[in-house]
Amino acid sequence: ATATTRTYIDGRTPAEYASGHLPGALNVPLQNMNSRLDELRALGTGITTYCRSGNRSGKAKSLLEDAGFTDVTNGGGLESLAKQLGVEVVTGGK
């Protein structure tokens, strides 16, 4: 992975994720994040967390940093992050 590669982590529930998410984002609900740390570590990328409003993504950022991740940003809420990145929100399992 290059230094500019980022993985976008959607910290919402699977139902929320299905109703709209960033293209290519991984759905890792906040309550399941601890059990998926090895999977996320294996990605070898920087991570940007997001959720509906920025609350869960902030908690996810703290959790990942506490677990030793160093390149983590809180992207905040889905809609504003999608606008900032210039991408359309997608639905379903894409």
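Just so you know, the residues in each chain are numbered from 1, in the order the chain's sequence is written. pLDDT decides what is reported in this predicted model: residues at 70 or higher carry local features, side-chain atom pairs at 80 or more are listed and counted, and totals for whole chains, interfaces and linings draw on all residues regardless. Note that water and hydrogens are dropped before the side-chain values are worked out from all heavy atoms of the structure.

1. Details of the pairing of strand E4 (residues 72–77)
Of the strand pairs in this sheet, strand E3 (residues 46–51) and E4 are connected by four bridges, and their pairing is parallel. Counted as the bridge partner of threonine 48 is threonine 73 from E4. With strands facing away from the observer, any crossover in which the path from the first strand over the helix to the second runs clockwise is taken as right-handed. Elements are defined by DSSP. Helices are runs of H or I of four residues or more, strands are runs of E of two residues or more, and each kind is numbered from the N terminus. Considered for its hand, the β-α-β crossover made up of E3, helix H3 (residues 55–66) and E4 is right-handed. Two strands make a pair as long as DSSP finds a minimum of two bridges between them.

2. Concerning the nonpolar core
Put simply, buried Ala, Val, Leu, Ile, Met, Phe, Trp, Tyr and Cys residues joined by side-chain atoms within 4.5 Å make one nonpolar core. To sort residues, take the accessible area from a 1.4 Å probe on protein chains only and compare it with the maximum for the residue type: under 20% means buried, over 50% means exposed, and anything in between is partly exposed. Listed in full, the twelve residues of the largest apolar core are Ile9, Val28, Leu30, Met33, Leu37, Leu40, Ile47, Ala60, Leu63, Leu64, Phe69 and Val72. Of all the elements in the fold, those that place two or more residues in this core are helix H2 (37–43) and H3. With three residues, H3 is the largest single contributor of residues to this core. Ignoring sequence-local partners within four residues, the contact set of leucine 40 consists of Ile9, Leu26, Val28, Met33, Ile47, Leu64 and Phe69. Membership of the second largest hydrophobic core comes to eight residues, among which are Tyr8, Tyr17, Ala25 and Leu81. Working rule for contacts: check all heavy atoms of both residues, and any pair within 4.5 Å makes them a contact.

3. Concerning H3
Counted at 1.5 Å a residue, the expected span for H3 with its twelve residues is 16 Å, and the 17 Å between its end C-alpha atoms agrees. Within the sequence span of H3, burial applies to Ser57, Ala60, Leu63 and Leu64. Taken around the axis of H3, the buried residues stretch over an arc of 120 degrees, which confines them to a single face. Positive backbone phi, at 100 degrees, marks glycine 68, one or two positions downstream of H3. Expected span of a helix, by definition, is 1.5 Å for each gap between consecutive residues, and there is one gap fewer than residues. Here, the arc refers to the directions that run from the helix axis to the C-beta atoms.

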